[in-house]
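# Structural features, examined
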Amino acid sequence: MKELCYVFLSISLLTACGSTEKPIDLTPKQPGKTAAHEVAVLQEKVMSSSVRLPGKLKPYNEVNIYAKMNSFVKHIHVDRGTIVRKGQLLIQLEAPEMLAAVQAARSRYVQAQETASASKDKYRRLKNAAQEEGAVSPLDLDNALSKMKADEAVAMSEKANVEEVEMMQSYLDIKAPFNGIIVQRNVSEGALVGPGKGSDQPLLILQDLNRLRLEVQIPETYVDKVDLSKKVAYRFNNKPNKVFDGMIARSANSLGAMQSEAIEVDVPNADNLLKPGLYCEVDIPLSAGASSLLVPSNSIVRSTERQYVIQVVDGKAHFVDIKEGVSTHDSTEIFGQLNIHDRILLHANDEIKEGTALFLEK
């Protein structure tokens, strides 16, 4: 019996030793080390001598041509692509009621002229008769003078009315206001047309393409740094290997809705090889010595609401909103409430919260 107990005890010990269960460690764990954050010190560096911005070609002159009065299109002498000269007849309109209006105005003018002429003759006769004392009363002579002046005024008014109606009639012949090319035609013969509104389609669109305007929007941060004494260089997307240049001809001197200032460069186009609407890359020269804060691009946290960097203040995270400027392959120009020698986190991300204590790499 005693031997049997020894055998059972031995089997139990062997079973316990062969079990896969591990013993539970009840000793307190030591806290692990948090990954250290890399820090960069801000430095002010001289910017590039130019900044590359997108630009777009626009016609030097462009006009939407509308009818000035309700009328019908009688003849169209041009079409899309037609080159025209200043004063050239483009469209003839017709308005039958205008003929009647002109005839009526001329008739009233002739009648007013005859009335004024008769009043003038009557006054002259009375004035001659008044030289004989008592032949004509002073009152009759004054009335005749007043009647003559009134009739002459009516005649002058009717003459002005005739000129106005004839001018309105001249609007039926639509002529080119400057040399250019018709780029759009939106009407056919027989159509009823009238004075256009901003939302209406014009009869024709005329553009002057012998010279173009290259428009570039300068961001607010560069407005006061553009060097107007140097030429700008630009390349078109369809001609990447050809570099053009020119001087800045004019600027808006005002910031638009996108907080940018429009500048323009005059582009010669006598051969008509360049077309309005072409996009290009423009190198805008900047004033010498202009400097700014550059940070590694991976230190900027971007979201739909804001862009910011994380500044290290007393070992804690402090968010600083920024605006981005020019970017290179590994750094970005920034603008914000930062100064040189401030420390910011590299590899920043939105998981770090405001005021978080930072474990910095030494």
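Reading the values: the criteria
- Residues numbered from 1 in each chain as written.
- Predicted model: local features only at pLDDT ≥ 70, side-chain atom pairs only at ≥ 80, totals over all residues.
- Heavy atoms only, no water.
- UniProt positions renumbered as here; feature names shortened; annotations may be inferred.
- Helix = DSSP H or I, 4+ residues; strand = E, 2+ residues; numbered from the N terminus.
- Buried < 20%, exposed > 50% of the residue type's maximum accessible area, 1.4 Å probe, protein only.
- Contact = heavy atoms within 4.5 Å.
- Pairing = 2+ DSSP bridges.
- Phe/Tyr/Trp six-rings, centres within 6.5 Å; stacked < 30°, edge-to-face > 60°.
- Lys NZ or Arg CZ within 6 Å of the ring centre and 35° of its normal.
- Core = buried A, V, L, I, M, F, W, Y, C linked by side-chain atoms within 4.5 Å.
- Domains from an automatic or database assignment.
- Axes fitted to C-alpha atoms, helices over the stretch in contact; angles between N-to-C directions.
- Parallel < 35°, antiparallel > 145°, perpendicular 65-115°, else oblique.
- Left-handed = near helix turned anticlockwise from the far one by under 90°.
- Nonpolar A, V, L, I, M, F, W, Y, C, P; charged D, E, K, R; others polar.
- Expected span 1.5 Å × (residues − 1).

- As annotated in an unreviewed UniProt entry, the protein chain is Efflux transporter periplasmic adaptor subunit from Sphingobacterium siyangense.
- For the protein chain, the Sequence similarities (unreviewed entry) comment in UniProt is given as "Belongs to the membrane fusion protein (MFP) (TC 8.A.1) family."

### Description of the overall build of the protein chain
- Across its full length, the protein chain holds three helices and 21 strands.
- The buried share among the 362 residues of the protein chain stands at 31%.
- Long-range pairs, those at least 24 residues apart, make up 76% of the contacts in the protein chain with a sequence separation of at least 6.

### So, the pairing of strand β11 (residues 232–236)
- What you see with β11 is a clean split: Val232, Tyr234 and Phe236 sit on the buried side and Ala233 and Arg235 on the side with no burial.
- In this sheet, strand β12 (residues 239–246) lies alongside β11 in antiparallel orientation, the contact comprising four bridges. Following the sheet pairing, phenylalanine 236 is matched in β12 by lysine 239.
- Hairpin connection from β11 to β12: two residues lie between these consecutive antiparallel strands.
- One ladder, built from four bridges, connects β11 with strand β15 (residues 279–285); its direction is antiparallel.

### Here's the deal with the packing of aromatic side chains
- Counted under the stated rule, the structure contains four aromatic pairs.
- Pairing tyrosine 234 with phenylalanine 236 gives two aromatic rings, centres 5.7 Å apart and planes at 85 degrees, and the pair type is edge-to-face.
- Summarising the aromatic geometry, the rings of tyrosine 308 and phenylalanine 319 are spaced 4.5 Å apart at their centres and angled 25 degrees between planes, so their arrangement reads as stacked. Placement of the pair is tyrosine 308 in strand β18 (residues 307–313) and phenylalanine 319 in strand β19 (residues 316–327), with a sequence separation of 11 residues.
- For tyrosine 308, a relative accessible area of 6% puts it in the buried group.
- Three or more aromatic residues joined by ring pairs make a cluster, and in this case those are Tyr234, Phe236 and Phe244.
- Above the face of the tyrosine 60 ring, arginine 211 is positioned so that its terminal group lies 3.8 Å from the ring centre.
- The lysine or arginine in question, arginine 306, covers the ring of tyrosine 308, its NZ or CZ lying 4.7 Å from the ring centre.

### As for the nonpolar core
- With 27 residues, the main nonpolar core has Leu90, Ile91, Leu93, Leu203 and Leu204 as its most contacted residues.
- For this core, the element with the highest residue contribution is helix α2 (residues 96–129), accounting for four residues.
- Two domains share this core, each providing at least three of its residues, namely domain 2 (62–93 + 171–191) and domain 3 (95–169).
- Counting residues in each nonpolar core, the second largest holds 23 residues, with Leu53, Leu209, Phe236 and Leu286 among its members.

### Examining the packing of α2 against helix α3 (residues 138–170)
- Their axes nearest at 8 Å, the elements α2 and α3 cross at an angle of 160 degrees. In terms of orientation, α2 lies roughly antiparallel with respect to α3. The chirality of how α2 crosses α3 is left-handed.
- When grouped by side-chain class, the residues that make up the contact of α2 with α3 number 19 nonpolar, five polar and 11 charged.

### Section: the sheet that holds strand β7 (residues 173–175)
- Spatial ordering of the open sheet is given by β7-β6-β4-β9, a layout of four strands whose pairing is antiparallel. The open sheet has two edge strands, β7 and β9 (192–193), and neither has a second partner.
- The pairing of strand β6 (residues 89–94) with β7 spans three bridges and is antiparallel. If you follow isoleucine 91 over to β7, its bridge partner there is isoleucine 174.

### Things to note about the side chain of glutamine 311
- Mapped onto the elements, glutamine 311 comes out in strand β18.
- Looking at glutamine 311, the relative accessible area reads 12%, which means it is buried.
- If we ignore the near neighbours within four places in the chain, the residues touching glutamine 311 are Lys316, Ala317, His318, Val320, Leu338, Asp342, Arg343 and Ile344.

### Observations concerning α2
- Given a rise of 1.5 Å per residue, 34 residues ought to cover 50 Å, and the 51 Å separating the end C-alpha atoms of α2 matches this to within 8%.
- Burial in α2 covers these residues: Met98, Val102, Ala105, Tyr109, Ala112, Ala116, Ser119 and Tyr123.
- Those residues of α2 that are buried are in contact with α3.

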